[in-house]
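As a plain string of letters, each chain reads:
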Amino acid sequence: MDFQIAAVVLELLFIFVILAALCHQRERIGVAPVTMAYGTMMLFGVLMNAAEIYAPLPWGGVFNVAQTAVFLPLLAAFLMIYISLGVLKAQRLLLGIVVCFLLCIYFAMLMRMQCRHMAPGPLRDVVMLLLSNGTASVNLSAVSNLISLFTLPLLYSGAPRRIGRTLRIISAMLGALLLGAIPEIILYKINGNVGTFSWSSLLTLLAITPFPGVMLSFYLAMLEKDVNDSGNGTFDFVFAFFGSYSRVKELEADLNSWENRYHLILRHTAEVVVVTDENGRITEANIAAVKFFKVRSQDSLTGKNIFSLLGTMDPPFSLNDLNGEPQYFNCTISAGQDDQILSASLSPIRLKSRSLLVLIARDITEEVTLAREKEELTVQLMHSQRMESLGVLAGGIAHDFNNCIHAIMGHADVAEMLYVNDPEKVGNHLQKISSIAEKAGKLTSQLLGFARKGKYQVVDIDLKELLNECIGMLDPFRVGGVVFTSDFSSGELIVCGDQVQMQQVVLNLLINALDATAGNSGDRLIDLSAGPALTPPIGFAPPPDHPDASAGNYLYFAVRDNGSGMDEETRKKIFEPFFTTKPVGSGTGMGLAMVYGTISHHRGWVQLESSPGKGTTFCVFLPGKDK
């Protein structure tokens, strides 16, 4: 006896757990398996109820196994579907149950009609007995269960929220079972022989009801944490059940409206949108794609491989590189004389069981063109600023020349007055006149070097010899305590240029390095290096006016010191005329300006790398001979 009760409880638990597990996995397997399992269990319960299977109770009496072990967990599962999946899913499930019961009644009637025409025999008698005795109980049980299922959502939604979900579930299930038992109680009072009702069976059913109610509450708390059933009204289920047709039509209208909006947005968006299959064949494209690829209609794009239309991709990739993640790239498409440039993303998606690719691209041809024009204007602006600097330079040179001229004139006047009485003093003044004139000549040479003018005699220059000669030209007193090192590549390092101007460039760089290391408390180091531009001490970075420069066609020489270094603001102004960081009277600010002008005139450029306290490296790039 106890074994039978335990088996019924285990069966109840098994049915509920199966339905709860299927409901929890609905995102992966869909809702259909839940509905099919529910219908199977319902049919199994109907057959058990028709067979009138009862189990004895320890305290006397019997209870209906089908009602307790099958219909009770199905009642809890129906409430689970109502709470988890919503009103419409519960409404459709109840409609399916009604249809199932009607089909059972229909097939029972057909079998009875067929049995009447069968020859008398044991099989006919057994079937007729089963149909005659079980039909009434099955029909009555169907009516009772339908009433319970119909009223269960109403009782749950109408229960006060303050009593908690578990109590609401248990009270709703108890109320639904009592309401469903009313037809059986009435028929039992009228005619006790109709149906299978018994008070002991009803009390047993009510006593076990809290068990599946607690399991349902536990399931909702643990596995359906995002469920919010507070928005369902008391009579929403009734309105959905009896107004199902209008509700479905309303949902279909909403769905069509959203689909129309989707197609409207997709078709008329300014970005190129193309949908392809997993192999890259186009299945759908919007109007912007039709215009961009210059075809007549969307049908002209359908079936084409998207990669055959995109041209050169940067960076290049294949379908194997997607790995489930979007890929971003630019592609250049040849279109006559002008190229079109797209900024695109390719995203893999899954629609039901299909793998698709979605390309979203934007035409950035005009933006790239504007960026190039901006870069060209920047170069022109830099040139204009250099020309403006020349004006400043000319003003400074004119001022210095005025001073030189006034000094020359003064010394000439003094020499004229003292010529008769003191020839020695006249000679001293004439020497000063020569020195001042030489200084004026150097200023003129520096001005012409920055302006890329003046004498320019092209000869072959060996960078190794040039650097070694310039070290020997330095003032011996000035280079005292300085350690010079050199690192020259093997082989010839020949450039074409003016020997004197290139010597001035190297000497100016060496003098700056000497001045930068003058304040060192430790060793003063200056390193000279030269070689092909493939391995320079500073990264090969041609300026905008040398867009086609190749490292294989250039040589470099570099001067590196361990001096005080420069900050960013100083580095920006280092090549401007008359800009100097030296004390007043120690420099004119023309040295690096002359370096910049001379190297530019030799079709090269200067790069520097410096930071405060870490020294400075000047790297000069020049085209090799015959380049």
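Residues numbered from 1 in each chain as written. Predicted model: local features only at pLDDT ≥ 70, side-chain atom pairs only at ≥ 80, totals over all residues. Heavy atoms only, no water.

**Observations regarding the overall build of the chain**
And step 1. Within the chain, the secondary structure is distributed over 20 helices and 15 strands.
And step 2. Expressed as a percentage of the 627 residues in the chain, the buried residues total 39%.
And step 3. Taking the contacts inside the chain whose residues are at least 6 apart along the sequence as the reference set, 67% of them involve residues at least 24 apart.
And step 4. If you sum the accessible surface of the chain, you get close to 34900 Å²; carbon and sulfur atoms cover 59% of it. (Helix = DSSP H or I, 4+ residues; strand = E, 2+ residues; numbered from the N terminus. Buried < 20%, exposed > 50% of the residue type's maximum accessible area, 1.4 Å probe, protein only. Contact = heavy atoms within 4.5 Å. Areas by Shrake-Rupley, 256 points an atom, 1.4 Å probe, with all protein chains shown as cover.)

**Digging into the pairing of strand β15 (residues 616–623)**
And step 1. Among the eight residues in β15, eight count as buried, and that is most of the element.
And step 2. Alternating residues of β15 divide into Thr616, Phe618, Val620 and Leu622 and Thr617, Cys619, Phe621 and Pro623, and every residue in both groups is buried.
And step 3. Looking at chain direction, strand β13 (residues 554–561) and β15 are connected through eight bridges and run antiparallel. For Asp561, the partnering residue across the bridge sits in β15 and is Thr616.
And step 4. Relative to β15, strand β14 (residues 605–610) runs antiparallel, the two being bridged by six bridges. Counted as the bridge partner of Gln607 is Cys619 from β15. (Pairing = 2+ DSSP bridges.)

**As for the environment of Pro183**
And step 1. With respect to the helices, strands and loops of the structure, Pro183 is situated in helix α7 (residues 165–190).
And step 2. Here Pro183 falls in the buried class, since its relative accessible area comes to 18%.
And step 3. The spatial distance from the C-alpha of Pro183 to the C-alpha of Ser144 is 6.7 Å, given a sequence separation of 39 residues.
And step 4. Setting aside residues no more than four positions away along its own chain, Pro183 makes contact with Leu140, Val143, Ser144 and Ile147.

**Thoughts on the nonpolar core**
And step 1. Among the nonpolar cores identified, the biggest contains 56 residues, and Tyr38, Leu74 and Leu79 are the most heavily contacted of them.
And step 2. Elements that contribute at least two residues to this core include exactly α1 (2–24), α3 (32–50), α4 (65–85), α5 (87–116), α6 (122–158), α7, α8 (199–208) and α9 (210–223).
And step 3. Ranked by residues supplied to this core, first place goes to α4 with 17 residues.
And step 4. Look past the residues within four positions of Tyr38 in its chain and what remains in contact with it is Leu19, Leu74, Leu75, Ala77, Phe78, Leu93, Ile97 and Leu149.
And step 5. One finds Leu510, Leu514, Leu555 and Tyr596 within the second-largest nonpolar core, a separate group that totals 34 residues. (Core = buried A, V, L, I, M, F, W, Y, C linked by side-chain atoms within 4.5 Å.)

**Overview of the sheet that holds strand β12 (residues 524–532)**
And step 1. Taken in spatial order, the five strands make up an open sheet running β10-β12-β13-β15-β14, and their pairing is mixed. At either margin of the open sheet sits one strand with a lone partner, and together these are β10 (482–488) and β14. Pairs of neighbouring strands in the sheet enclose a mean axial angle of 15°, with direction left out of account.
And step 2. Sitting on the sheet, helix α18 (residues 499–517) touches β10, β12, β13 and β15, and the angle it makes with β13 is about 25°. (Axes fitted to C-alpha atoms, helices over the stretch in contact; angles between N-to-C directions.)

**A look at the pattern of salt bridges**
And step 1. Under the counting rule described, the total for this entry stands at five salt bridges.
And step 2. Between Asp277 and Arg281 there is a salt bridge; the shortest N-O distance is 3.3 Å.
And step 3. For Arg281, a relative accessible area of 41% translates into the label partly exposed.
And step 4. Between Glu367 and Arg362 there is a salt bridge, and its shortest N-O distance comes to 2.6 Å. (Salt bridge = Lys/Arg side-chain N within 4 Å of Asp/Glu carboxyl O.)

**Quick notes on the packing of aromatic side chains**
The description of an aromatic ring pair uses the distance of the two centres, along with the angle that the planes make with each other.
And step 1. The final tally for this structure, using the stated rule, is seven aromatic pairs.
And step 2. For the pair Trp605 and Phe621, a centre-to-centre distance of 5.4 Å together with 25° between the ring planes defines the contact as stacked. Note that Trp605 is positioned in strand β14 and Phe621 in strand β15, a separation of 16 residues in sequence.
And step 3. The buried category is assigned to Phe621, whose relative accessible area is 0%.
And step 4. By the ring-pair criterion, three or more aromatic residues cluster together here, those being Phe540, Tyr554, Trp605 and Phe621.
And step 5. Between Arg168 and the ring centre of Tyr156, over which it is positioned, the NZ or CZ distance is 4.2 Å. (Phe/Tyr/Trp six-rings, centres within 6.5 Å; stacked < 30°, edge-to-face > 60°. Lys NZ or Arg CZ within 6 Å of the ring centre and 35° of its normal.)

**Here's the deal with α4**
And step 1. Its 21 residues give α4 an end-to-end C-alpha distance of 29 Å, which sits within 8% of 30 Å, the value for a rise of 1.5 Å per residue.
And step 2. Along its length, α4 reaches its greatest deviation from straightness, about 35°, at Phe71, and the proline Pro73 lies no more than four positions downstream.
And step 3. Count one or two residues on from α4 and you reach Gly86, which has phi positive near 105°. (Expected span 1.5 Å × (residues − 1). Bend = angle between axes of the 7 residues up to and from the residue.)

**Some points on the side chain of Asn286**
And step 1. With respect to the helices, strands and loops of the structure, Asn286 is situated in the loop between β4 (282–285) and α12 (287–292).
And step 2. The class for Asn286 is buried, based on a relative accessible area of 0%.
And step 3. Setting aside residues up to four positions removed in sequence, Asn286 forms contacts with Leu266, Arg267, Thr269, Glu271, Val272, Val273 and Gln298.

**Looking at the confidence of the model for the chain**
And step 1. Mean pLDDT over the chain: 76, with 73% of residues reaching 70 or higher.
And step 2. Across the chain, element-level confidence peaks in β13 with a mean pLDDT of 94 and bottoms out in helix α10 (residues 236–242) with 58.
And step 3. Below a pLDDT of 50 lies the segment residues 451–455, which in the model reaches nine contacts outside its immediate sequence neighbourhood of four places, other chains included. (pLDDT = per-residue confidence, 0-100.)

**Comments concerning unusual backbone geometry**
And step 1. Positioned with a positive phi, Arg603 is a non-glycine residue whose angle comes to about 60°.
And step 2. Topologically, Arg603 is positioned in the loop between α20 (591–601) and β14.

**Things to note about the environment of Pro315**
And step 1. Note on placement: Pro315 falls in the loop between β5 (312–314) and β6 (327–335).
And step 2. If we skip the residues at most four places from it in the chain, Pro315 touches Tyr328 and Phe329.

**Focus: α18**
And step 1. Taking 1.5 Å per residue, 19 residues should reach 27 Å; α18 reaches 27 Å between its end C-alpha atoms and fits that length.
And step 2. Turning to α18, its buried residues are Gln501, Met502, Gln503, Val505, Val506, Asn508, Leu509, Leu510, Ala513, Leu514 and Thr517.
And step 3. Sitting at the amino-terminal end of α18 is Asp498, which places a side-chain oxygen 2.9 Å from the backbone nitrogen of Gln501. (Polar contact = N/O pair within 3.5 Å; in protein donor to acceptor, adjacent residues only side chain to side chain.)

**Section: the packing of α18 against α20**
And step 1. In the contact formed by α18 and α20, the axes pass within 9 Å of each other and the chain directions differ by 145°. For the pair α18 and α20, the sense of crossing is left-handed. Across the interface between the two elements, Gln501, Met502, Gln504, Val505, Asn508, Leu509 and Asn512 from α18 touch Gly591, Leu592, Met594, Val595, Thr598 and Ile599 from α20.
And step 2. Across the contact of α18 with α20, the residue classes break down as seven nonpolar, six polar and no charged. (Left-handed = near helix turned anticlockwise from the far one by under 90°. Nonpolar A, V, L, I, M, F, W, Y, C, P; charged D, E, K, R; others polar.)

**Quick look at the environment of Gly522**
And step 1. Position of Gly522 among the secondary structure elements: in the loop between α18 and β12.
And step 2. Residue classification places Gly522 among the partly exposed residues on the basis of a relative accessible area of 49%.
And step 3. For the pair Gly522 and Asn562, spaced 40 residues apart in sequence, the C-alpha to C-alpha distance is 9.9 Å.

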